[in-house]
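Residue-level structure breakdown
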Amino acid sequence: MLNFELLKTDPDSHARRATLTLNHGKVQTPIFMPVGTYGTVKGVMPRSLEEMGAQIILGNTFHLWMRPGLDVMQSFGGLHQFEKWNKPILTDSGGFQVWSLGAMRKISEEGVKFASPVNGDKLFLTPEVSMQIQTTLNSDIVMQFDECTPYDTKGHITTEAEARTSMELSLRWAKRCQSEFARLENPNALFGIVQGGMFENLREESLAALVDMDFPGYAIGGVSVGEPKEEMLHIMGHTPHRLPANKPRYLMGVGTPEDLVQGVADGVDMFDCVMPTRNARNGTMFTRFGDLKMRNARHKSDPQPVDPSCTCHACAGTSGVSWNDGGREGFSRAYLHHLDRCGEMLGPMLCTIHNLHYYLNLMTEIRAALDAGTFTEFRARFKAERARGV
């Protein structure tokens, strides 16, 4: 099941506000979706995700197929009960993970043969198998199995002809995914994925063919795969707003806070990226006033929280009152710096809570600005504050 209700559009950009209703609940868009590769968003409890306002999270088809396997997943009735998350879940198709295997995999018309990175078993992932795995996972949004077109392979930039071959294979796989999804009588929603590399004409061909297949929603794939930033921004500006206005649009694997704000302006409704969680584990924090590196010695005795304006548990403690509003229950930069230096696991946990809260709160502010008709002013303020520096 999927219902997409468009609530408001921005007159100065392609940005829009909507409500997305799925089998496990409603999602207010634009939205950021935390990534939970192995059935957990690294470093945070499900309760923390609820508290920071996460509405939908991701699971990874490829990795959950490897471990714990479909027998275990089926015994729990799917991923929701297994990881104790009762809100919507989106699962990717495994296409990106296959792409990342590089020389370890062999792609054919039928699917992809590869050796399991877990135990070396010879495996064969096809559009049909991807649909079967995702049906067992019972994810609210299922992604078609596609070939993620590379930008650069060992110094060779993908040509238009190579991108076309890849894109057309993904379209044929999309039809097979639809057929298998219907055969399985999966009650959830299947999204098609627009491919075509960095070539506008291929993107438009892919988009038109997928729209003809009438998917409930659409994603833009094959970005943030090593291309220069300006190339990614070009595709972001070109493709999303050309997708059907009455269906959700998802930009896969992007990106920085600036990317999210620009993506919303380009007409994107849904985002995911490992950046807030991965960067947190490496001590890099996102704040309203720029990025902050917790490992820098200057934080050794700083009593302030990561972001004095933030109300997350890391910055404001249980009170939820920011430092700027007089709250003093949050954890100091000095403490987080100390935890990082000592390798204590609480350090990346608190940093992850902050980064995810920042991303989710950014989307809350974007939705509020769209509701109020002040998105243009919000974008200007966001840019100025981020440029100010911590």
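Conventions adopted
- Residues numbered from 1 in each chain as written.
- Predicted model: local features only at pLDDT ≥ 70, side-chain atom pairs only at ≥ 80, totals over all residues.
- Heavy atoms only, no water.
- Helix = DSSP H or I, 4+ residues; strand = E, 2+ residues; numbered from the N terminus.
- Rg over C-alpha atoms; globule rule 2.2 N^0.38 Å.
- Buried < 20%, exposed > 50% of the residue type's maximum accessible area, 1.4 Å probe, protein only.
- Contact = heavy atoms within 4.5 Å.
- Areas by Shrake-Rupley, 256 points an atom, 1.4 Å probe, with all protein chains shown as cover.
- Lys, Arg positive; Asp, Glu negative; His and termini not counted.
- Charge placed at Lys NZ, Arg CZ, Asp CG, Glu CD.
- Pairing = 2+ DSSP bridges.
- Axes fitted to C-alpha atoms, helices over the stretch in contact; angles between N-to-C directions.
- Patch = residues over 30% accessible without salt bridge, like charges linked within 9 Å, V, L, I, M, F, W, Y side chains within 5 Å.
- Salt bridge = Lys/Arg side-chain N within 4 Å of Asp/Glu carboxyl O.
- Polar contact = N/O pair within 3.5 Å; in protein donor to acceptor, adjacent residues only side chain to side chain.
- Core = buried A, V, L, I, M, F, W, Y, C linked by side-chain atoms within 4.5 Å.
- Domains from an automatic or database assignment.
- 1 Å grid on protein atoms, 1.4 Å probe; cavity = no way out; pocket = protein on both sides within 12 Å on 5 of 7 lines; lining within 4 Å.
- Points joined across faces, edges and corners; volume = space filled by probe spheres on them.
- Parallel < 35°, antiparallel > 145°, perpendicular 65-115°, else oblique.
- Left-handed = near helix turned anticlockwise from the far one by under 90°.
- Nonpolar A, V, L, I, M, F, W, Y, C, P; charged D, E, K, R; others polar.
- Buried area = accessible area lost by both parts, 1.4 Å probe.
- UniProt positions renumbered as here; feature names shortened; annotations may be inferred.

Helices and strands together make up the secondary structure of the protein, namely 15 helices and 19 strands. Here the protein has a C-alpha radius of gyration of 21 Å; the compact-globule value for 390 residues is 21 Å, and the two agree. Along the first, second and third principal axes, the C-alpha atoms of the protein reach 60 × 50 × 45 Å. In the protein, which comprises 390 residues, the proportion classed as buried is 54%. Within the protein, contacts between residues separated by at least 24 positions form 67% of all contacts whose residues are at least 6 apart in sequence. Within the structure as shown, the protein displays about 16,300 Å² of accessible surface, and the carbon and sulfur contribution to it stands at 52%. Computed over 40 positive and 45 negative side-chain charges, the inter-centroid distance for the protein is 5 Å.

Judged by pairing direction, the sheet is antiparallel, and its 3 strands sit side by side in the order β8-β9-β10 without closing on themselves. Strand pairing shows two members of the sheet lacking a second neighbour, β8 (105–107) and β10 (122–125), which therefore form its edges. Across this sheet, the average inter-strand angle for adjacent strands is 15 degrees, counted without regard to direction. Strand direction decides the pairing type here: strand β9 (residues 112–115) and β10, joined by 4 bridges, are antiparallel. Each residue of the ladder has a partner; that of F114, found in β10, is L123.

What follows deals with a nonpolar patch on the surface. On the surface, Y335, M345, L346 and M349 cluster together into a nonpolar patch covering about 360 Å² of accessible area. Structurally, M349 is set in helix α14 (residues 346–372). The exposure class assigned to M349 is partly exposed, which follows from its relative accessible area of 32%.

Quick look at the side chain of S332 now. Locating S332 in the fold gives a position in the loop between α12 (313–316) and α13 (333–342). The class of S332 is buried, set by a relative accessible area of 17%. Within the structure, S332 has its side chain in polar contact with the backbone nitrogen of Y335 (distance 2.9 Å). Among residues more than four places away in sequence, those in contact with S332 are D302, P303, Q304 and P305.

Before going further, it helps to spend a moment on the nonpolar core. Core analysis: the biggest nonpolar cluster contains 88 residues, and L49 and I366 have the highest contact counts within it. Considering every element that reaches this core, the biggest residue donor is α14, with 12 residues. Built from parts of two domains, this core gets at least three residues from each of domain 1 (3–272) and domain 2 (280–388). Excluding residues within four positions of it along the chain, L49 makes contact with P34, V41, V44, A54, I57, W85 and L356. Formed by 19 residues, the second largest nonpolar core is a distinct cluster that contains L20, M33, L58 and L90.

Under the definition given, this model contains 1 cavity of 30 Å³ or more. Considering only enclosed or pocket space, the largest cavity measures out at about 90 Å³ in volume. R288, Y358, N361, L362, E365, F378, R381, F382, E385 and R386 together form the lining of the largest cavity. Mapped by element, the contributors of at least two residues to the lining of the largest cavity are α14 and α15 (375–388). Here the lining of the largest cavity takes 5 residues from α15, the largest share from any one element.

What follows deals with the packing of helix α8 (residues 200–213) against helix α9 (residues 229–238). The geometry of α8 relative to α9 is characterised by a closest axis approach of 11 Å and an angle of 40 degrees between their N-to-C directions. Accordingly, the angle class assigned to the pair α8 and α9 is oblique. Read as a crossing pair, α8 and α9 show a hand that is right-handed. Seen from α8, the contacting residues are E200, R203 and E204; seen from α9, they are H234, I235 and H238. Considered class by class, the residues forming the contact of α8 with α9 number 1 nonpolar, 2 polar and 3 charged.

Right, let's get into the domain arrangement of the protein. Interfaces are often sized by the accessible area lost when the parts come together. Per the domain assignment, the segments of the protein are domain 1 (3–272) and domain 2 (280–388). Computed over C-alpha atoms only, the centres of domain 1 and domain 2 are separated by 28 Å. In this complex, domain 1 contributes 33 residues to the contact, which on the side of domain 2 involves 23 residues. Surface buried jointly by domain 1 and domain 2 totals about 2,400 Å² across both partners, of which 71% is contributed by carbon and sulfur atoms. A per-residue breakdown of the area domain 1 buries against domain 2 is headed by M52, P257 and V261, which together make up 26% of the total. Seen at the junction of domain 1 and domain 2, the total is 2 salt bridges. The partner of D371 in a salt bridge is R17, with the nearest N and O atoms 3.1 Å apart. For the pair domain 1 and domain 2, the number of links is 7 residue pairs in polar contact (both at pLDDT 80 or more). Counting only elements with at least two residues in the side of domain 1 that touches domain 2, the list comes to β2 (16–22), β3 (25–29), β4 (31–33), α1 (46–51) and α10 (257–265). By residue number, the principal contributor to the side of domain 1 that touches domain 2 is α10, which donates 7 residues.

Under the UniProt annotation, the feature "active site" (unreviewed entry) is placed at D92 and D272. The greatest C-alpha distance among the annotated residues, which extend across 181 residues, is 10.8 Å, indicating that they converge on a single site. Checked against the lining of the largest pocket, the annotated residues just named reduce to D92 and D272. Within the element layout of this structure, D92 appears in strand β7 (residues 89–92).

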